[in-house]
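# Remarks on the overall topology
Residue-level listing of the chains:
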Amino acid sequence: MSSEVTPSLVVRAISSIELYQFCELLMEAANWFESRGEPLWKFDQITPHSLLANYRLDEMYMGYLAGKPVAAMVLNNRSGGIEVDANIRRASLFMHKLTVAREFAGKGLAKLMVDWARRYAKKQGFSLLSLICNCRDERLRWTLSQFGFDEVEQLNAQYQLQRYFCLDLENCKVALEPSHHSSPRFNYTLLKENKPLMG
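Everything in this summary refers to the structure shown in the same document.

### Let's talk about the side chain of Thr99
Mapped onto the elements, Thr99 comes out in strand S4 (residues 92-100). Reaching out from Thr99, the side chain makes a polar contact with the backbone oxygen of Lys97 at a distance of 2.9 Å. Each residue touching Thr99, except ones within four places of it in the same chain, is listed here: Leu25, Leu26, Ala29, Trp41, Val70, Ala71 and Ala72.

### A look at the packing of aromatic side chains
Inspection of every chain in the model, using the stated rule, returns four aromatic pairs. Cation over ring: Arg102 sits above Trp32, and NZ or CZ is 3.8 Å from the ring centre.

### Structural notes on the environment of Val174
Position of Val174 among the secondary structure elements: in the segment after strand S7 (161-168). Assessed through its relative accessible area of 22%, Val174 is described here as partly exposed. The sequence separation of Val174 and Phe147 amounts to 27 residues, and the corresponding C-alpha distance is 6.3 Å.

### What to know about the pairing of strand S2 (residues 60-65)
Where burial is concerned, most of S2 is hidden: six out of the six residues are buried. Both faces of S2 are covered, namely the face carrying Met60, Met62 and Tyr64 and the face carrying Tyr61, Gly63 and Leu65. Here strand S1 (residues 9-13) pairs with S2 via five bridges, running antiparallel. Within S2, the position partnered with Leu9 by the bridge is Leu65. The sheet contact formed by S2 and strand S3 (residues 68-76) spans six bridges and is antiparallel. Looking at the pairing, Met60 lines up with Val74 of S3. Between S2 and S3, which pair antiparallel one after the other, the connecting turn spans two residues, and Ala66 there sits at a positive phi close to 50°.

### Observations regarding helix H4 (residues 109-123)
Compared with an ideal rise of 1.5 Å per residue, which puts 15 residues at 21 Å, H4 spans 21 Å between its outermost C-alpha atoms and is within 8% of the ideal. In terms of residue burial, H4 counts as a mostly covered element, since 12 of its 15 residues are buried. Along H4, the residues classified as buried are Leu109, Lys111, Leu112, Met113, Val114, Asp115, Trp116, Ala117, Arg118, Arg119, Tyr120 and Ala121.

### Some details on helix H1 (residues 19-35)
Here H1 contains 17 residues, and its C-alpha end-to-end distance of 24 Å stays within 8% of the 24 Å for a straight helix at 1.5 Å per residue. Regarding H1, the residues found buried are Leu19, Phe22, Cys23, Leu25, Leu26, Ala29, Ala30 and Phe33. Buried residues of H1 fall within an arc of 155° about the axis and therefore sit on the same side. In H1, the exposed positions angled more than 90 degrees off the buried face are occupied by Tyr20, Glu24 and Ser35. Buried-residue contacts for H1 involve helix H2 (48-54), S2, S3, S4 and helix H5 (138-146). Within two residues after H1, Gly37 carries a phi angle of roughly 75°, on the positive side.

### As for the side chain of Asn76
The topology assignment puts Asn76 in strand S3. From its side chain, Asn76 meets the backbone nitrogen of Arg78 in a polar contact 3.0 Å long. Beyond its immediate chain neighbours, meaning those up to four positions away, Asn76 contacts Tyr55, Glu59, Leu93, Phe94 and His96.

### Structural notes on the pattern of salt bridges
Per the counting criterion, the structure on display carries 11 salt bridges. For Glu177, the salt bridge identified is with Lys111, shortest N-O distance 3.9 Å. Within this pair, whereas Glu177 is found in the segment after S7, its partner Lys111 is found in helix H4, the two being separated by 66 residues in sequence. Its salt-bridge partner being Arg163, residue Glu151 comes within 2.9 Å of it at the nearest N-O pair. In this pair, Glu151 sits in strand S6 (residues 150-155) while Arg163 sits in strand S7, placing the two residues 12 residues apart along the sequence. Glu151 sits in the partly exposed class, given a relative accessible area of 35%.

Thresholds applied
Residue numbering note: each chain is counted from 1, following its sequence as written. Per-residue local features are limited, in this predicted model, to residues with pLDDT of at least 70; the limit for side-chain atom pairs, both in listing and counting, is 80 or more; totals at the level of whole chains, interfaces and linings are taken over all residues. Values reported for side chains reflect all heavy atoms of the structure, with hydrogen atoms and water molecules removed beforehand. Secondary structure follows DSSP: runs of H or I at least 4 residues long count as helices, runs of E at least 2 residues long count as strands, and numbering of each begins at the N terminus. In protein, a polar contact means a hydrogen-donor-capable atom and an acceptor-capable atom, both N or O and within 3.5 Å, with residues adjacent in sequence counting only if both atoms are side-chain atoms; elsewhere, any N or O pair within 3.5 Å suffices. Contact between two residues is taken to exist if any of their heavy atoms lie within 4.5 Å; hydrogens are not considered. Geometry of aromatic contacts follows a simple scheme: Phe, Tyr and Trp rings, the Trp one being its six-membered ring, pair when their centres are within 6.5 Å, and the pair is stacked under 30 degrees between planes, edge-to-face over 60, tilted otherwise. Two limits define a charge over a ring: the Lys NZ or Arg CZ must be within 6 Å of the ring centre, and within 35 degrees of the ring normal. For every residue, the accessible area obtained with a 1.4 Å probe (protein chains only) is divided by the maximum for its type, and the residue is called buried under 20%, exposed over 50%, and partly exposed between those limits. Any two strands between which DSSP finds at least two bridges are classified as paired. Given the number of residues in a helix, its expected span is that number minus one, multiplied by 1.5 Å. The arc in question is the one spanned by the directions pointing from the helix axis to the C-beta atoms. In what follows, salt bridge is the name for a side-chain nitrogen of Lys or Arg lying within 4 Å of a carboxyl oxygen of Asp or Glu.

Printed below as a string of structure tokens:
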């Protein structure tokens, strides 16, 4: 992605009127994975009603290029349906539903979203960034490892295999992308001083 032609990536929590754009990004990704035989989410999990039943608006973030929504993610301190070790749960900011619009796939935006979340998590006092993604897709799992995530596999109480990805904010060997003028910049104006509320 050429820095000469790429405007700044702005990441911020969505407003209520942006919820449908957020859902459209998730639906596009779900359709793409479904078409490849690797379903990622059930479609009824990513409707506006379902998302609002599980997440607050201020937990849903979109990345914008020149005002256009190009990426999405949820950030909170809940692991959802995945059973996570208590120590990891306490130390983690959890990322859910990381998504990049298909027309921008492979251009580095997922890494920029992860880097933004890394900075956000550290500022909030977390020591881990954990991505909840029980995927089987080998390419996606490899990509997440390139971002610095370690894959964690475990059996839940029903002896079903569960998978999530954990990034150590202090010891990650993958460098953050620079945020100076020649690279896409990050907007921290909406960062809050307190950790996300439990809920």
